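Close look at the chain arrangement
Chain by chain, the residues:
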Amino acid sequence: MPAGTENLLAKYLDQQARPRALADLLTDGVEVRLDAGEANGRLFALMISVGFDADVVHRVHNSRRGNITHLAYAKPFIDALRIYKYPSLRTAWRGPDADTAGATAGRWLFGMNLPRYAQGLPIAPEASGIDGLIDLCVFKRGYASSAVWYLWHLLRRRHHQLPSVSITRCREFTVEADDQVPYQLDGDPGGFLPVTVRSAPQRLTCIVRPEQAVDTLPINLVFKASFDKANRTSLDAYRGPGIDEGLRILQQVGSQTGLPTTTDFHESTQAASVGQVCDLLQVPAFLARQTDLLTAAAATGKAVNVKKGQFMAPWDMQHVVTKLAGSGCDNILLTERGTFFGYGRLVNDMRALVQMRELGVPVVFDATHSVQEPGGLGGATGGNREMVEPLAKAAAAMGVEALFLETHPDPDQSPSDGANMVPLSEIPQLLRRIVAIRCRKRVESRYSAGNGGMGTAKEAAAMLESDFVKLDKLADNVPLELSPPTVLLDPRFSTDGKDVLVTVSQPEATPGAPWNTLEIVSGNANFRNLGVRPNDIIKLYLFPDSETRDRQNATGEVDAQMVTHEATDLIVAQVLSDTRLQVLEGVRPPRNLTVRISEDDYAEVTGMGIQGLDALRDQGKVDAFGVNLPADEIPLSVLPNLVPTMAWPPRIEIWRNQDVQMQAISRALGAYAKNGEPAIGWEPTPDAQEIARLTESFNRWLRSRQTTEVVEPPQLLQTLPERLRTKQPTSDYLSPAALNRDTFADHEGRLIQQASWARDIAAWTAGDAFDPLPRAERLFDWVVRNVTLSDSPRLRNHRPWQTLAYGRGGAAKRAWVFSMLCRQQRIPSCVITLPIGAEGEAWLWCGIVDHNQLYLFDPQLGLPLPAANGKVATLAQVKEDPSVLDVLSQPELPYPVDADSLDNAQVAVVAEPLSLSSRAAQLQEQQSGSTAIVLHVEADAAAELLKQVPGIEEVVLWPHPFENLRRELLLAEAENTAGDTARNAAALDVRPFAWVPQLWKARMLHFRGTLETEREAKKKGVLHDPVNDHRAAAQLYLSPRVRPSGKTLNQVVQNDERLRIYHRTKADATLWLGQLKNEEGEYAQALQWFERVDLDAPENAHLADAVRYGSARALEGLGRLDEAAELYRSDDSPQRLGNLIRADRLLNASNQQ
């Protein structure tokens, strides 16, 4: 009963202290169950607090006389404010999952079952009474002024955004202190520390008004009703009031209740009217494939919910998502409502919920239509409402974002679907039981469809801290169950052991249609017997490879016997018969395949005609040798007669992805390789979907903020070349609007991960030195050892995360990575560009600021620049005496930087569009401590700091990251051979990580490098095994999935393309294992692993430089200096000059020994 001082529980349940209200509550109320907590075995209902306010509570109760009023707190509050010392509190907590734990320190803490404290202060705004968890809120500052500071932010509901405040959901926590510190429970004295607090789920039983049974739930409601039930079983069945009256009623419901509304529509002409009234448009299941309906829904700008057809596979909903997204809809929901299982019955495959979530959109479960029995009542649809709750609970446990429930006060009298409806009176308790499961499962979010997929601002903010934890734990959650494609059809599986040959044609009587029909003509295979199905991959070996095409275009003639044919990847659309099938999009010749044909032959070839020769001459396609035509302008049926290097009939192979995620990976690789879509962030790494979810969660938090912090574009932007500042495509990323956009772009989630990698690498590499220089030396040496210098054009467009993942890059890539590592250590850094030669060539140095001096490192040499005293040279020293650089020259390789280069050197701040943005700054502000990720660069401030260094007068913004962005965007748009080749190469480079997720996880653990001591591990329990990321990475590098034996590869993998990928994966893992052993000082083992890298395979030739350098560094570590020097001297890599210098130094050291 609400008869206390604050009545927090009564306020939460909206109970009133009036006798009549209490009587009504007892007669008409319903029971609900809420969580409680236990503190050292003592039960509490609402909260526990430790610190200042607990001291006040103890003082109040020590001086109380009778009932307590608000006035009774005045003197104890003033006394505590004057006397209380805010001792340090140590807290260890266990999260909702068994493997989630942590520790924090503070001066004041609360454990809350409900959101609000006295005076309505929202201490834990997201606390829920039914999630089985306690929200632990820790305030880290401990002064009287801090209490006022925190109170101000509490009143503004912004305290959770302060770096000195942490809110964690946990099942239990322990609080200790060195002093005698009181704690209080529900406003009563509880005792003194230490205290162990545990959640007591569903321990309290309360009586509430029926409507409160739902209002107290952490959910949002959307009201749905149909104006026209267009697919009723019977012609005589009631269909509804019609669109005009129906929309009027829906508008009235929305205005009177404040609820968002939705309805289904059946014709594209209805979409605009529905969109003017409803917050969410729904596409019926039977119409889920109708393109006109989907595009019309997208055109309204509203959220769209599409029910999966009862006849559709969950992965087929990808086409629905693509249609909507391609039409401008960025707020899409998919609903599972059952699948036909014979006549008159539906079943639910719960795997569909997971498979549709993997499409990157929220998933709804329709619990009532799922229990329908279509036509089960003869002239009407039947159902089984008893199964609604079990299915809804299962869906909640699977993690759906929303439930669809049909209800009616008296379902048996409902004009439609009554047999599967839930009585309205049963809805509150049903929802409580379902939501309790949802909360216990710790599913990510509780968001409505009506407000852009985002809940309240408080909900998004409360998730931010857990999102950073998820970012840190991405390596732990990499899915390892992916299976690479299997081969369904090649000569091994044909009936005669020979190639399966096909013809390619258009659908009959369809001029201009794509060439998308394949028919077996060799008679040695049967599509249906093989189980070929939609989404299988056809590899069609029809066109000559790129090298052959280049020779053919140059000379016009190629020996057909010396031709190899490359695979064109196609996706099966449908199997038409035992020997015929159709593919998506159709077969198209490569862009750079041209045909030379005489004018007479041009006129005689079937389907070509003589018309248009004059137009072709104007286009420059006719010369003395005849007509030169791109192959894609010639009918495919004619092309083999004109191009003898084409294989006709071509052979095929059929591959199948084993799971939905692998299908998505293949689609992503194909979309980029063929069409350059998307231009950035296309890489389907095993953690790509989780990164997308984190990006959206960060965006929810940004959208929830009441004010947006605006940044002015830095003045340093004006120093970029004009083509980058003012011309597309890069200008779109540098405008004030782009820098102040309130959401992260899809690709920027990867860049946040990139920053977290740099933070982790820098943390375990830099060492404990206080001054920047020794830390920078360690960071630079790590970059040199782990990023092999390469001038391969395949690496030109790599960002730092790709340079790290592949372990290769040019001098600019090394400089960029080094700068990122310094940024995370808060070491001021820059890049110096030095002109050399007369052709606009440039040499790069890296620099870091320490004690107002700029210390120099050469990423091309892989060495710090040496001063006369043997230490790292400064810019001032080099400018004063350029001759110190002479020691860097070798007889056959002079060092290219001279005094003229120094006079024209350009010092540059390193930044990227994201690091200059407001959103990066806002996200960075929410972090503190050693685990914080630096995301934002104050470019102008960095420039001013550099200008204070002797010898620096002018500072610019380094153009390389922006040039890199420009190249990425232009490559995606390129419709030429170079573009196709580069995109295909990029897709090929990603495949080892995509096909073997263990390799990607090993790489992430290698970078994270967490190493727990035994003492740290014991704090998490006696059975807790200390975390050692490098040990775990080594185990994954060694796993048979990553490094299968040669015998296994040759026996199991008989397809050449797959074999090349697995050979490359194994070689990469072996190399990185050697580098890891070098990190750990296990040089003998490192040397053994480097020796095992298979450099004989052509696909591994690019690793030779890394193996040589890694081996030489291992020999150095073993003290075998002469051998190391000999290895350096044998080097012919782009780092040859630096390695020769290193060899001389080793030989000098060896001679001195």
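No experiment lies behind these values; they were computed from the predicted model shown.

1. A short note on the side chain of glutamine 998
Position of glutamine 998 among the secondary structure elements: in helix α35 (residues 997-1008). In terms of polar contacts, glutamine 998 uses its side chain to reach the backbone carbonyl oxygen of leucine 480, at 3.4 Å. Apart from the residues lying within four places of it in its own chain, the contact partners of glutamine 998 are Leu480, Leu1036, Ser1039, Arg1041 and Val1042.

2. Considering the nonpolar core
Considering soluble globular proteins, one finds that nonpolar side chains tend to be buried as a cluster. Within the largest apolar cluster, 112 residues are counted, with the highest numbers of intra-cluster contacts made by Phe818, Leu821, Ile848, Phe857, Leu923, Trp958 and Tyr1037. The element best represented in this core is helix α39 (residues 1056-1079), accounting for nine residues. Leave out the neighbours within four places in its chain, and phenylalanine 857 touches Leu773, Ala776, Glu777, Phe780, Phe818, Trp845, Cys846, Ile848, Leu863, Pro864, Leu865 and Val872. Counting 57 residues, the second largest nonpolar core, distinct from the first, contains Ala36, Met112, Ala124 and Ile134.

3. Remarks on the pattern of salt bridges
Charged atoms that come close allow side chains of opposite charge to pair. Scanning all chains against the criterion turns up 49 salt bridges. The salt bridge partner of lysine 308 is glutamate 336, with a shortest N-O separation of 3.4 Å. Taken together, the residues span a long stretch of sequence, with lysine 308 in the loop between β16 (303-307) and α10 (317-326) and glutamate 336 in strand β17 (residues 332-336) at a distance of 28 residues. Residue classification places lysine 308 among the buried positions, given a relative accessible area of 1%. Judged by relative accessible area, glutamate 336 falls into the buried class, the value being 1%. A salt bridge links aspartate 989 to arginine 1064, with the shortest nitrogen-to-oxygen separation between them at 2.8 Å. A residue pair is termed long-range when its members are at least 10 positions apart, and aspartate 989 in helix α34 (residues 977-995) and arginine 1064 in helix α39 qualify at 75 residues. No difference in accessibility class separates aspartate 989 from arginine 1064, as the two residues are buried. In this structure, a network of salt bridges that share partners links the residues Asp781, Arg785, Glu1079, Arg1113, Glu1116 and Arg1142.

4. Structural notes on the sheet that holds strand β2 (residues 42-44)
Across the sheet, six strands lie side by side as β2-β1-β12-β9-β4-β5; this open sheet has antiparallel pairing. Every interior strand has two partners, whereas the edge strands, β2 and β5 (101-106), have only one. Within the sheet, the average angular offset between the axes of one strand and its neighbour, ignoring direction, is 30°. Pairing analysis gives nine bridges linking strand β1 (residues 30-39) to strand β12 (residues 195-208), with the strands arranged antiparallel. Each bridged residue has a counterpart across the sheet, and for leucine 34 the counterpart in β12 is leucine 204.

5. Some remarks on the packing of aromatic side chains
Within a pair of aromatic rings, the relevant descriptors are the distance that separates the centres and the angle that separates the planes. Scanning the entire structure with this criterion turns up 25 aromatic pairs. Their ring planes at 55° and their centres at 6.2 Å tell us that tryptophan 655 and tryptophan 995 sit as a pair that is tilted. Of the two residues, tryptophan 655 is situated in strand β35 (residues 651-656) and tryptophan 995 in helix α34; the sequence distance between them amounts to 340 residues. For the residue pair tryptophan 655 and tryptophan 995, the accessibility class agrees, reading buried in each case.

6. Observations regarding empty space enclosed by the protein
For the structure on display, the rule yields six cavities of 30 Å³ or more. Put simply, the largest cavity is a space of about 100 Å³. For the largest cavity, the lining is made up of 13 residues, of which Thr788, Leu789, Asp1105, Tyr1109 and Gln1135 are closest to its centre. Contributing elements (two or more residues each) for the lining of the largest cavity: α26 (772-786), β36 (788-789) and α41 (1104-1117). Looking at the lining of the largest cavity element by element, the count peaks at three residues for α41. When grouped by side-chain class, the residues that make up the lining of the largest cavity number five nonpolar, four polar and four charged. Size it by volume and the second largest cavity reaches roughly 80 Å³. Along the walls of the second largest cavity sit Leu471, Asp472, Leu474, Ala475, Gln753, Ser756, Trp757, Arg759, Asp760, Met1004 and Arg1008, which together make up its complete lining.

Rules and cut-offs
- Residues numbered from 1 in each chain as written.
- Predicted model: local features only at pLDDT ≥ 70, side-chain atom pairs only at ≥ 80, totals over all residues.
- Heavy atoms only, no water.
- Helix = DSSP H or I, 4+ residues; strand = E, 2+ residues; numbered from the N terminus.
- Polar contact = N/O pair within 3.5 Å; in protein donor to acceptor, adjacent residues only side chain to side chain.
- Contact = heavy atoms within 4.5 Å.
- Core = buried A, V, L, I, M, F, W, Y, C linked by side-chain atoms within 4.5 Å.
- Buried < 20%, exposed > 50% of the residue type's maximum accessible area, 1.4 Å probe, protein only.
- Salt bridge = Lys/Arg side-chain N within 4 Å of Asp/Glu carboxyl O.
- Pairing = 2+ DSSP bridges.
- Axes fitted to C-alpha atoms, helices over the stretch in contact; angles between N-to-C directions.
- Phe/Tyr/Trp six-rings, centres within 6.5 Å; stacked < 30°, edge-to-face > 60°.
- 1 Å grid on protein atoms, 1.4 Å probe; cavity = no way out; pocket = protein on both sides within 12 Å on 5 of 7 lines; lining within 4 Å.
- Points joined across faces, edges and corners; volume = space filled by probe spheres on them.
- Nonpolar A, V, L, I, M, F, W, Y, C, P; charged D, E, K, R; others polar.

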